[in-house]
Protein chains: 2
Amino acid sequence: MQQGGPSSPSCPSNSDCFPLSRLNTAKCGSETSAEQEKHEPTDLSRMRSIMIFYMCYLLCLGLGLACVVCVCVWNSQWRGGFAWDSKARQFNWHPVLMVTGLVVVYGIGAVLYRIPLTWGQNKLPWKLLHAALMLIALVLSIVGLCAVFDFHNANNIPNLYSLHSWIGIAATALFAIQWVVGVAGFLLPCSPISLRKLLKPVHVWMGGSILWLSIAACISGINEKLFFVLKGTANGTQPYSKLPPEALLGNSLGVLIVAFGLVVLKILSNHNWQRPDSRPEDLAYTPLLQEENE
Amino acid sequence: MQQGGPSSPSCPSNSDCFPLSRLNTAKCGSETSAEQEKHEPTDLSRMRSIMIFYMCYLLCLGLGLACVVCVCVWNSQWRGGFAWDSKARQFNWHPVLMVTGLVVVYGIGAVLYRIPLTWGQNKLPWKLLHAALMLIALVLSIVGLCAVFDFHNANNIPNLYSLHSWIGIAATALFAIQWVVGVAGFLLPCSPISLRKLLKPVHVWMGGSILWLSIAACISGINEKLFFVLKGTANGTQPYSKLPPEALLGNSLGVLIVAFGLVVLKILSNHNWQRPDSRPEDLAYTPLLQEENE
């Protein structure tokens, strides 16, 4: 029985695996035409699974882009733009950098291994790209935190008292720990394979948890900001409760962030879209040498 | 080779399965003492996995209880208690019922199938209990929404303008749809097995998503409420930014809710803790008749 066939130990279910490298193997080897025909629906279901993945991936990129555009437009058009002058325009960097770093770049980095195009190749360059994207996300988040701490300190506003700030700082701290442990555990050549196997499920679960913590922080932050600025008392602005255009834009940003998170977590949770050498039932049968760059 | 042994098709990895009914099977059958000894670590790892599950489950129950106690104490001791009189004391039902229903009872209902004690038994009574717990959670959430809508309407406060309300109403609506589709798809005898297999991954993913949407709604709601009531202007109360005892209690409630959600989602995501007939690699080998009450 050839690799990836219906009874292959590394692929227990026909519909479970669809690496590109296996797509056309059903027509090779010693099988008869009748056996080949039996494989056609499997190939079709793999192709359909790949197509659905890329549709979800495009949706993820589109929603991510929409989040970044929306938070930039809100802060540049309605909140006065950007500066690093310890005034309101410095605060505006905070939502832009947190949404871009801690949600969008983070989410895109998280689903990198799920792209089927990367499966037939050496994992190391993709690991480096994953680590680099996550580093960009982490740096953006830290600069975003500096923007608000510096603004608060310059204006005698206490730091870290609201629940929003507690959840946000916890998400960023966990992200920093996750990045350091991830590099030490999965990229340093000296880390043992047994440690990598132990770390991997924790790394994957923590990765998803950090994303939804970040999204909870964003939702509470946008909600809080809209209540702060849309009081309906100054300059004839309408209150939040009247849903003026700025409120609609802010709420829409929240909805876009949630939709982006749902698509990312859907991609991460789909067993069929895991890199084949990362699936539990495949790991059980993978020769140890293939695990060396886990 | 006996059922559940290392090369059993329904259990591809030694550490992947640990139903109680299989725990002692390694010592039966035709194996030699040497083979029995090889199985000892497998039984040990299954026992350890069960122990870790029950520790997580107890943690989940403890955190859930702490959330309910915390939200009740906050609203009874700091917010004036409960009534159904269209005044502030009616609003107080809203956080209590949403946290209890949409987070705690929901989360406990979601992990029901993961309890190993239930695995050797007919699934139907556990399905009914899962549906009943979810119905209790849904009814509590709907009464919680009625409390706030009625309070708003009686006090001329607009409904559904804040991002908190948008996320909260979306979570409750998705939950109601999930419950109706779940009952129709998994409990009605007329629903075909093919439909159940198609629905199941969507049901599981949507279940997790509803929980983290609910938690995002709770975090933004607690944050918003603390800014509303802790203004530091009336009756000598301290502002939120000074972190008075009520602010600490509210923030702690948020942290407890997040911790509860993390434990529930950890239990749900752990492949080793899935009911054996629900795992993708087991489904591939399960005879059709065993799938009838899926």
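Remember, it's a predicted structure, so these values are computed and weren't measured experimentally.

### Focus on the overall build of chain A
Then step 1. Within chain A, the secondary structure is distributed over 8 helices and 0 strands.
Then step 2. Ordered by position from the N terminus, the helices and strands of chain A form the series α-α-α-α-α-α-α-α.
Then step 3. Sorting the 294 residues of chain A into buried and exposed places 52% on the buried side.
Then step 4. In chain A, once contacts between residues fewer than 6 apart in sequence are set aside, the share between residues at least 24 apart is 71%.
Then step 5. In the structure as shown, chain A presents an accessible area of about 13100 Å², 68% of it carried by carbon and sulfur atoms.

### Focus on helix α3 (residues 93-110) of chain B
Since there are 3.6 residues in each turn of an α-helix, residues three or four apart along the chain are aligned in direction.
Then step 1. Under the 1.5 Å per step criterion, the end-to-end length of α3 of chain B is 24 Å for 18 residues, consistent within 8% with the ideal 26 Å.
Then step 2. A large share of α3 of chain B lies buried, amounting to 16 of its 18 residues.

### A word on the UniProt feature "transmembrane region" (unreviewed entry) in chain A
Then step 1. Here the UniProt feature "transmembrane region" (unreviewed entry) sits at residues 52-76, 96-116, 128-151, 163-190, 202-222 and 248-269 of chain A.
Then step 2. In residues 96-116 of chain A, the share of helix is 71% and the share of strand is 0%. The end C-alpha atoms are 31 Å apart.

### Description of the environment of Phe 151 of chain B
Residue and element names in this part refer to chain B.
Then step 1. Position of Phe 151 among the secondary structure elements: in helix α4 (residues 123-154).
Then step 2. We classify Phe 151 as buried; its relative accessible area is 14%.
Then step 3. In the structure, Phe 151 is positioned 69 residues away from Ser 220 in sequence and 19 Å away in space, judged by C-alpha atoms.
Then step 4. Setting aside chain neighbours within four positions, we find Phe 151 in contact with Ser 86, Lys 87, Ala 88, Gln 90, Phe 91 and Ile 157.

### Some thoughts on the interface of chain B and chain A
Then step 1. At the interface, 44 residues of chain B touch 44 residues of chain A.
Then step 2. A buried area of about 3800 Å², summed over both sides, lies between chain B and chain A, and 78% of it is on carbon and sulfur atoms.
Then step 3. Remark: the boundary between chain B and chain A carries 0 salt bridges.
Then step 4. Our count for the contact surface shared by chain B and chain A stands at 12 residue pairs in polar contact (both at pLDDT 80 or more).
Then step 5. Among the secondary structure elements, those contributing two or more residues to the side of chain B that touches chain A are α5 (163-187), α6 (193-229), α7 (245-269) and α8 (280-283) of chain B.
Then step 6. Here the residues of the side of chain B that touches chain A are counted per class, giving 26 nonpolar, 14 polar and 4 charged.

### With respect to the side chain of Ser 214 of chain A
Residues and elements named next belong to chain A.
Then step 1. Relative to the helices and strands, Ser 214 resides in helix α6 (residues 193-229).
Then step 2. Take Ser 214: its relative accessible area is 1%, and that puts it in the buried class.
Then step 3. Side-chain polar atoms of Ser 214 contact the backbone oxygen of Ile 210, separated by 2.7 Å.
Then step 4. Once residues lying within four places of it in the same chain are set aside, the contact partners of Ser 214 are Leu 102, Val 103 and Ala 171.

### Here we look at the nonpolar core
Then step 1. Membership of the largest hydrophobic core comes to 118 residues, with the highest contact counts inside it found for Ile 257 of chain A together with Ile 257 of chain B.
Then step 2. With near-sequence residues (within four places) excluded, Ile 257 of chain A lies in contact with Cys 67, Val 99, Val 103, Ile 215, Cys 218 and Ile 222 of chain A.

### Describing the relation of the copies chain B and chain A
Then step 1. Overlay of chain B on chain A (RMSD 0.0 Å): rotation 180 degrees, translation along the axis 0.0 Å. In symmetry terms, the pair is related by a two-fold rotation axis.
Then step 2. Looking at the interface residues of chain B, 100% of them are also at the interface in chain A, so both copies use one shared face.

### Regarding the packing of aromatic side chains
Then step 1. Scanning the entire structure with this criterion turns up 20 aromatic pairs over all chains.
Then step 2. Seen in terms of ring centroids, Tyr 161 of chain A and Phe 227 of chain B are 6.0 Å apart; in terms of plane orientation they differ by 70 degrees. Their pairing is edge-to-face. Remark: Phe 227 of chain B occurs in helix α6 and Tyr 161 of chain A occurs in the loop between α4 (123-154) and α5 (163-186); the pair is interchain, linking two chains.
Then step 3. Owing to a relative accessible area of 15%, Phe 227 of chain B belongs among the buried residues under this scheme.

### A look at the pattern of salt bridges
Residue and element names in this part refer to chain A.
Then step 1. In total, this model carries 4 salt bridges over all chains according to the counting rule given.
Then step 2. A salt bridge links Arg 46 to Asp 43, with the nearest nitrogen and oxygen atoms 3.7 Å apart. Here Arg 46 and its partner Asp 43 are both found in helix α1 (residues 33-78), 3 residues apart, which amounts to about one turn of the helix.
Then step 3. Accessibility expressed as a relative area gives 4% for Arg 46, which makes it buried.

### Considerations on the side chain of His 164 of chain B
Then step 1. Relative to the helices and strands, His 164 of chain B resides in helix α5.
Then step 2. There is a polar contact of 3.4 Å between the side chain of His 164 of chain B and the side chain of Ser 220 of chain B.
Then step 3. Contacts of His 164 of chain B, omitting those with residues within four sequence positions, involve Asn 223 of chain A together with His 94, Ala 217, Ser 220, Gly 221 and Glu 224 of chain B.

### Looking at unusual backbone geometry
All names here are of chain B.
Then step 1. At Leu 160, a residue that is not glycine, the phi angle is positive and equals roughly 50 degrees.
Then step 2. Positionally, Leu 160 belongs in the loop between α4 and α5.
Then step 3. In this structure Leu 160 comes out as partly exposed when scored by relative accessible area, which is 35%.
Then step 4. Of note, the phi angle at Leu 243 is positive, near 50 degrees, even though the residue is not glycine.
Then step 5. Relative to the helices and strands, Leu 243 is located in the loop between α6 and α7.

### Quick look at the packing of α3 of chain B against α4 of chain B
Residue and element names in this part refer to chain B.
Then step 1. One can describe the packing of α3 onto α4 by two numbers: an axis separation of 8 Å at closest approach and a directional angle of 165 degrees. For the element pair α3 / α4, the angle class is roughly antiparallel. The handedness of the crossing between α3 and α4 is left-handed. Touching Trp 93, His 94, Leu 97, Met 98, Thr 100, Gly 101, Leu 102, Val 105, Tyr 106, Gly 109 and Ala 110 of α3 are His 130, Leu 133, Met 134, Ile 136, Ala 137, Leu 140, Ser 141, Val 143, Gly 144, Leu 145, Ala 147 and Val 148, all from α4.

### Some thoughts on the packing of α3 of chain B against α7 of chain B
Residues and elements named next belong to chain B.
Then step 1. Relative to each other, α3 and α7 sit at 25 degrees, their axes nearing to 10 Å. The angle between α3 and α7 falls in the class roughly parallel. Relative to α7, the crossing made by α3 is left-handed. Along the contact surface, α3 presents Val 99, Val 103, Val 104, Gly 107, Ile 108 and Ala 110, while α7 presents Ile 257, Phe 260, Val 264 and Leu 268.
Then step 2. Of the residues contributing to the contact of α3 with α7, the split by class is 9 nonpolar, 1 polar and no charged.

Rules of the game
Residues numbered from 1 in each chain as written. Chains lettered and ligands numbered in written order. Predicted model: local features only at pLDDT ≥ 70, side-chain atom pairs only at ≥ 80, totals over all residues. Heavy atoms only, no water. Helix = DSSP H or I, 4+ residues; strand = E, 2+ residues; numbered from the N terminus. Buried < 20%, exposed > 50% of the residue type's maximum accessible area, 1.4 Å probe, protein only. Contact = heavy atoms within 4.5 Å. Areas by Shrake-Rupley, 256 points an atom, 1.4 Å probe, with all protein chains shown as cover. Expected span 1.5 Å × (residues − 1). UniProt positions renumbered as here; feature names shortened; annotations may be inferred. Buried area = accessible area lost by both parts, 1.4 Å probe. Salt bridge = Lys/Arg side-chain N within 4 Å of Asp/Glu carboxyl O. Polar contact = N/O pair within 3.5 Å; in protein donor to acceptor, adjacent residues only side chain to side chain. Nonpolar A, V, L, I, M, F, W, Y, C, P; charged D, E, K, R; others polar. Core = buried A, V, L, I, M, F, W, Y, C linked by side-chain atoms within 4.5 Å. Least-squares fit on C-alpha atoms with pLDDT ≥ 70 in both. Phe/Tyr/Trp six-rings, centres within 6.5 Å; stacked < 30°, edge-to-face > 60°. Axes fitted to C-alpha atoms, helices over the stretch in contact; angles between N-to-C directions. Parallel < 35°, antiparallel > 145°, perpendicular 65-115°, else oblique. Left-handed = near helix turned anticlockwise from the far one by under 90°.

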